[in-house]
Amino acid sequence: MSDDLRHGGALDRVASQFPTAPLPWIDLSTGINPWPWPAEQADPETFFRLPTQSDIDRCRVAMADAFSGPVSGVTLVPGTEIAIRLLPKVLNPKTVAVLSPTYGDHAESWRVAGVKLIETTDPLKHADIADVVVVCNPNNPDGQCFDTDRLMDARNRLAQRGGWLIVDEAYAELSPGRSLGAHAGSEGLIVLRSTGKFFGLPGLRLGAALVPSNLADALEQLLGVWRISGPALEIGTQAYSDVRWQQATRRRLVSARQRLDAILNECHEVTGGTDLFRYVSVGNAHEKWYQLCKHGIYTRRFEWSRSHLRIGLPATPEAEARLRLAMSLER
């Protein structure tokens, strides 16, 4: 499978296929905030010493406050991708129901584990037969959201049988009211949170698994003592504590998403997404992706669909203008 079909963010590989494309490239292939939290504010001393337990505790407290949940339910992980890969090892289920389409690594991790995999548009319906149910809320790439009461009902049904509901909340900062963070540590519930998307810091490799204590112990044994770098702990603590930045960023992202919708709706139909990316219906999506690449604009296409693209937020007025021109030329 081509790198760009599995994930966005493969700009180096894609750019090498289009050597005559105009520069600079505009990377709209990810749902990452193009205006990140100012990480340069972090204390440079953290690069020169091992992280301490106090560093870890401060970061957990800041996250718990941001998630409106208990500190005891927060387990730090070096990016939620690691947690997605480790959960099959610590849960060891037989049958897993996964939302489809969604972030592809969820199904992939369970497929590699050799479980019976049910890929479905409504995995919550399988809470009485599956050992694990996996959803993204809001979903990537279409932005679908699940009702909190329905999620908790599925969690209750699964927990009664020793099962688990996994909710990937990579984009939950956009709509905190939808989060299950307040239920962190509940039996049968695993919530994954990411610093990469809303805070625009994917290279930090910092995330959280909100899990009961027995599962936290199992994950920590696998991850080891210094699983999070000192700089990541420092930046995470400050970013999650910066409520004013978070509030201003939500407003900024809404405005940027509205401008992007205006551009996209001139030529195509926006059918879903979030304030960090839009899900667009396109007649021949792979051809459209190719033509946009020729204009130096990298979007997200999918192996499983020839009629959809996911398009992130342009970071500048110049990038917006280039996207509008490219879209109009390739109708």
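Structure shown above.
Asker: Could you clarify how one ought to interpret the overall build of the protein chain in this entry?
Answerer: Helix and strand counts for the protein chain stand at 11 helices and 13 strands. The C-alpha atoms of the protein chain give 20 Å as radius of gyration, which agrees with the globular expectation for 331 residues (20 Å, within 12%). The principal-axis extent of the C-alpha atoms belonging to the protein chain is close to 55 × 50 × 35 Å. When burial is assessed residue by residue, the protein chain has 55% of its 331 residues classed as buried. Taking all contacts inside the protein chain whose residues are at least 6 apart in sequence as the whole, residues at least 24 apart take part in 69%. Each charge class in the protein chain was averaged separately, 36 positive and 38 negative side chains, and the resulting centres sit 3 Å apart.

Asker: Hey, could you run me through the layout of surface pockets in this one?
Answerer: Any empty space left between the atoms is revealed when a probe the size of a water molecule rolls over them. Empty space within the largest pocket amounts to approximately 1,000 Å³. If you trace the largest pocket, you find 45 residues lining it, with Arg-6, His-7, Tyr-103, Gly-104 and Asp-105 closest to the centre. Among the secondary structure elements, those contributing two or more residues to the lining of the largest pocket are helix 1 (3-6), helix 4 (80-91), helix 5 (104-113) and strand 12 (300-302). Top element by residues in the lining of the largest pocket is helix 5. It accounts for five residues. Grouping the amino acids of the lining of the largest pocket by side-chain chemistry returns 18 nonpolar, 15 polar and 12 charged. Roughly 180 Å³ of internal volume is contained in the second largest pocket. Residue lining of the second largest pocket: 14 residues in total, with Ala-66, Phe-67, Ser-68, Pro-176 and Arg-193 positioned closest to the centre.

Asker: Mind showing me how you'd approach the sheet that holds strand 12 here?
Answerer: Read across the open sheet, the four strands follow the order 9-10-13-12; overall the sheet is antiparallel. At either end of the open sheet lies a strand with only one pairing partner, and these are strand 9 (269-274) and strand 12. For this sheet, the mean inter-axis angle between neighbouring strands, taken without regard to orientation, is 25°. Note that strand 9 and strand 10 (residues 277-281) share five bridges and pair antiparallel. Looking at strand 10, one finds that Gly-273 is bridged to Arg-278. Those strands touched by helix 9 (residues 243-264) are strand 9, strand 10 and strand 13 (305-312), and its axis lies near 15° from that of strand 10. Its contacts with the sheet place helix 10 (residues 285-294) against strand 12 and strand 13, and it is angled at close to 40° to strand 13.

Asker: When you look at helix 5 in this model, what are you seeing that I'm missing?
Answerer: The α-helix winds at 3.6 residues per turn, so residues separated by three or four positions along the chain end up facing the same way. Within the sequence span of helix 5, burial applies to Asp-105, His-106, Ala-107, Ser-109 and Trp-110. Gly-114, located one to two residues past helix 5, shows a positive phi value of around 80°.

Asker: Help me out: how do you make sense of the packing of aromatic side chains in this one?
Answerer: Geometry of an aromatic ring pair is reported as the spacing of the ring centres plus the angle between the planes. Tallying each qualifying case throughout the model produces 11 aromatic pairs. Members of the aromatic cluster, each reached through a chain of ring pairs, are Phe-67, Phe-198, Phe-199, Tyr-240 and Trp-245. Its end group placed over the ring of Trp-289, Arg-301 keeps NZ or CZ at 3.8 Å from the ring centre. The ring of Phe-277 is capped by Arg-310, whose NZ or CZ atom sits 5.6 Å from the centre of that ring.

What counts as what
Residues numbered from 1 in each chain as written. Predicted model: local features only at pLDDT ≥ 70, side-chain atom pairs only at ≥ 80, totals over all residues. Heavy atoms only, no water. Helix = DSSP H or I, 4+ residues; strand = E, 2+ residues; numbered from the N terminus. Rg over C-alpha atoms; globule rule 2.2 N^0.38 Å. Buried < 20%, exposed > 50% of the residue type's maximum accessible area, 1.4 Å probe, protein only. Contact = heavy atoms within 4.5 Å. Lys, Arg positive; Asp, Glu negative; His and termini not counted. Charge placed at Lys NZ, Arg CZ, Asp CG, Glu CD. 1 Å grid on protein atoms, 1.4 Å probe; cavity = no way out; pocket = protein on both sides within 12 Å on 5 of 7 lines; lining within 4 Å. Points joined across faces, edges and corners; volume = space filled by probe spheres on them. Nonpolar A, V, L, I, M, F, W, Y, C, P; charged D, E, K, R; others polar. Pairing = 2+ DSSP bridges. Axes fitted to C-alpha atoms, helices over the stretch in contact; angles between N-to-C directions. Phe/Tyr/Trp six-rings, centres within 6.5 Å; stacked < 30°, edge-to-face > 60°. Lys NZ or Arg CZ within 6 Å of the ring centre and 35° of its normal.

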